[in-house]
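Summary of the model geometry
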Amino acid sequence: MKKGLIVFLIVAASFAIFAGGSKEAPLGSEENPIVWSFVPSGEMERVSAGAQEVADLLNRETGYFFSTNVATEYVGVIEAMSSKPPKAHMASLATFAYIMAADRGVADAALVSVRYGSPTYNGQFITQQDSGIRSIEDFAGKTFARVDPLSTSGWIIPMIEMRAVGIDPERDLKSVVDAGSHDTVVSAVYNREADVGATYVDARTRLEKTYPDVMEKVVVIGVTTDIPNDGVQFSPAVPAEMRQKIVDALLKIVKTEEGKKALNTAYQWDDLAAHGDEFYDPFRQVLQAAGLKAQELMD
């Protein structure tokens, strides 16, 4: 009887250990870090290095552990936030990609970046100085370099503005090249791999070390309407208390010299401002007026 009881206790203890071991570690622990996905904005190595620096500063402030990654495309981050359980708990999506994720119910806006004192920015159309292209109407038959199909300043707004002047991107452009980042769009135009392209204002400055004459050879021929800046969004799976702690830490970090440098390295963020989903409503109205639906552009 005693021997049987001992065997039973050992088996029961082993099961309890196994069951306990199979339980997922708390979010934010070293075993289960908060995954923060960034999207391509510039040189991947630079964005990745800056993102990791910010994650390290956040760890110091909150005690939470973070794992950062730079996705190769916007839709990959949205899919990661859409998975169950989410494979990305935080994101730094551009405007249109955020609206798409919010419409799916997988992302909540918390912070919007500030550049040059403003939470909004503009896109720009660029071409070679001697290309002969002087306006959007000249794009017919040309090769267009875009950042990504879901890039707000690198495609969505430029596409809307092309349509507004009678240029149908699918029918009238010779071809569309997905460059993958704003830097690469500038590079493609500079190296005549594309006739025209679209980036944020002013992505050319990021390549002045590589191409000292880029500001002269690559010229701006048009600027788009105001666009909300990118920022920080959370998966609904992240508890409210944890979100607030991270938001408070980021707002504190961005006021420090070390934090400002890291955020600037990653995304050229000068500051952060607290804004929720309603901040994006004016942009939703622009899409609605153009007859565009987020899901249609993703299909």
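The structure under discussion appears in the preceding block.
Remember, predicted model here, so these are calculated numbers, not experimental data.

The helix and strand tally for the chain stands at twelve helices and 13 strands. Relative to its full complement of 299 residues, the chain shows a buried share of 49%. Across the chain, the fraction of contacts at a sequence separation of at least 24, relative to all contacts at a separation of at least 6, is 78%. Summing over all exposed atoms, the chain offers an accessible surface of approximately 14,300 Å²; the carbon and sulfur share of this is 54%.

Now for unusual backbone geometry. Following Lys 84, the chain continues into Pro 85 via a peptide bond in cis, with omega recorded as -5°. Mapped onto the elements of the fold, Pro 85 is located in the loop between helix H3 (74-82) and strand S3 (90-92). That bond from Val 201 to Asp 202 is cis: its omega, -5°, falls within 30 degrees of zero. Along the polypeptide, Asp 202 turns up in the loop between strand S9 (196-200) and helix H8 (214-217). In this model, Arg 192 sits at a positive phi of 60°, which is unusual for a non-glycine residue. Structurally, the position occupied by Arg 192 is in the loop between helix H7 (182-190) and S9. For Gln 268, which is not glycine, the phi dihedral falls at a positive 60°. Structurally, Gln 268 can be placed in the loop between helix H10 (257-267) and strand S13 (271-274).

Procedures and definitions
Here the residue index of a chain counts from 1 through its sequence in written order. For this predicted model, a pLDDT threshold of at least 70 governs which residues receive local features, and a threshold of 80 or more governs which side-chain atom pairs are given and counted, while totals over whole chains, interfaces and linings are taken from all residues. Values shown for side chains rest on all heavy atoms present in the structure; no hydrogens or waters enter the calculation. Going along the chain from the N terminus, every DSSP run of H or I of four or more residues is numbered as a helix, and every run of E of two or more is numbered as a strand. Note on exposure labels: buried denotes an accessible area under 20% of the residue type's maximum, exposed denotes more than 50%, and partly exposed covers the range between, all computed with a 1.4 Å probe on protein chains only. Note on contacts: a residue pair qualifies if any of its non-hydrogen atoms lie within 4.5 Å across the two residues. Accessibility throughout is a Shrake-Rupley quantity obtained with a 1.4 Å probe, and a residue counts as covered only by protein chains that appear here.

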